[in-house]
Amino acid sequence: HILIAHWVPGFFLAMAFRPMLIASTSEPIKSLMGSGTMGGEAITALTLAVIALLAGEFLDASRDLLEDLWDRFRAVEWSFFSDAKQEEIEILNSSLFSYYVFDHNVSLALIVFLLWNIPFKWPTNAWMLVFSVPLTVFIWNGIRLRSQIASRTHRWLTSAQKAK
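Residues numbered from 1 in each chain as written. Predicted model: local features only at pLDDT ≥ 70, side-chain atom pairs only at ≥ 80, totals over all residues. Heavy atoms only, no water.

1. Observations regarding the packing of aromatic side chains
We describe a pair of aromatic rings using the distance from one ring centre to the other and the angle between the two ring planes. Counted by the stated rule, this structure contains 8 aromatic pairs. With a centroid separation of 6.2 Å and 80 degrees between ring planes, the pair formed by W78 and F97 is classed as edge-to-face. Pair noted here: W78 is in the loop between helix 3 (40–71) and helix 4 (80–83) and F97 is in helix 5 (residues 86–117), with a separation of 19 residues, a long-range link. Ring geometry for F80 against F81: centres 5.4 Å apart, planes inclined by 90 degrees, an arrangement best described as edge-to-face. We classify F81 as partly exposed; its relative accessible area is 24%. (Phe/Tyr/Trp six-rings, centres within 6.5 Å; stacked < 30°, edge-to-face > 60°. Helix = DSSP H or I, 4+ residues; strand = E, 2+ residues; numbered from the N terminus. Buried < 20%, exposed > 50% of the residue type's maximum accessible area, 1.4 Å probe, protein only.)

Laid out in structure tokens, this is it:
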């Protein structure tokens, strides 16, 4: 799940910059994009996969940096991920956390995608709507998931403190 939560948003981000890379006159960039080479499509696909993963990791690092800000509104007990039983951690990861990471990362990617393309006058009102609706859904769901994660981690901390 975590790989998807990083790679898919990274793919969206890579697609935001793809037109600029394709139009590039730089020979190194053209060769990375497979332009004019034997097996160019394979090179392009591999390059895109690697760039998407790196972009996804960048988005996730950005999410990590924003967690302190989000904790001011609804704090998560982060010690849960190091101190809880492995089974409890796996349940939280598979049921909430990986989806939260995906929603947050894809929201960041869509915001960058929209902001990057506005100067090119590409997003017409219809395209803005097409991207704004999923962006709103992902942000809203991410907030809801984070609230559930905060509740569960606080319940865990309370029960752990009572057990001592």
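2. Description of the side chain of N105
With respect to the secondary-structure elements, N105 resides in helix 5. In this structure, N105 is in contact with A5, H6, P9, G56, L59, D60 and R63, ignoring residues within four places of it in sequence. (Contact = heavy atoms within 4.5 Å.)

3. Quick look at the confidence of the model for the chain
Detailed reading of predicted coordinates is not advised where the pLDDT is low. Of the residues in the chain, 78% reach a pLDDT of 70 or more, and the chain-wide mean stands at 83. Per-element averaging of pLDDT across the chain places helix 2 (residues 27–32) at the bottom with 64 and helix 4 at the top with 94. (pLDDT = per-residue confidence, 0-100.)

4. Quick look at the pattern of salt bridges
Counted according to the given criterion, the structure contains 5 salt bridges. Of the charged contacts in the structure, one is a salt bridge between D64 and R63, with a shortest N-O distance of 2.7 Å. Accessibility expressed as a relative area gives 4% for R63, which makes it buried. Bridged by salt links that share partners, the residues D60, R63, D64, E67, D71 and R146 form one connected network. (Salt bridge = Lys/Arg side-chain N within 4 Å of Asp/Glu carboxyl O.)

5. Notes on the environment of F80
Turning to its location among the elements, F80 is positioned in helix 4. In contact with F80, not counting residues within four places along its chain, are E88, I89, L92, T153 and W156.

6. Some thoughts on a nonpolar patch on the surface
On the surface, I111, L115, I139 and I143 cluster together into a nonpolar patch covering about 360 Å² of accessible area. For the nonpolar patch, the secondary-structure elements that each account for two or more residues are helix 5 and helix 6 (125–163). In this fold, I139 is placed in helix 6. (Patch = residues over 30% accessible without salt bridge, like charges linked within 9 Å, V, L, I, M, F, W, Y side chains within 5 Å. Areas by Shrake-Rupley, 256 points an atom, 1.4 Å probe, with all protein chains shown as cover.)

7. Some points on the nonpolar core
Ranked by size, the top nonpolar core spans 16 residues in total, and within it F80, Y100 and I149 carry the most contacts. Elements with a contribution of two residues or more to this core: helix 5 and helix 6. (Core = buried A, V, L, I, M, F, W, Y, C linked by side-chain atoms within 4.5 Å.)

8. Digging into the side chain of R63
When you line up the elements, R63 lands in helix 3. Among the polar contacts listed, one links the side chain of R63 to the side chain of E67, at a separation of 2.8 Å. If we skip the residues at most four places from it in the chain, R63 touches F97, Y100, V101, H104, N105 and L108. (Polar contact = N/O pair within 3.5 Å; in protein donor to acceptor, adjacent residues only side chain to side chain.)

9. Considerations on the environment of A150
Within the secondary structure layout, A150 lies in helix 6. In this structure A150 comes out as buried when scored by relative accessible area, which is 0%. As for A150 and W78, which are separated by 72 residues in sequence, their C-alpha atoms are 8.9 Å apart. Excluding anything up to four places from it in sequence, A150 contacts R74, A75 and V76.

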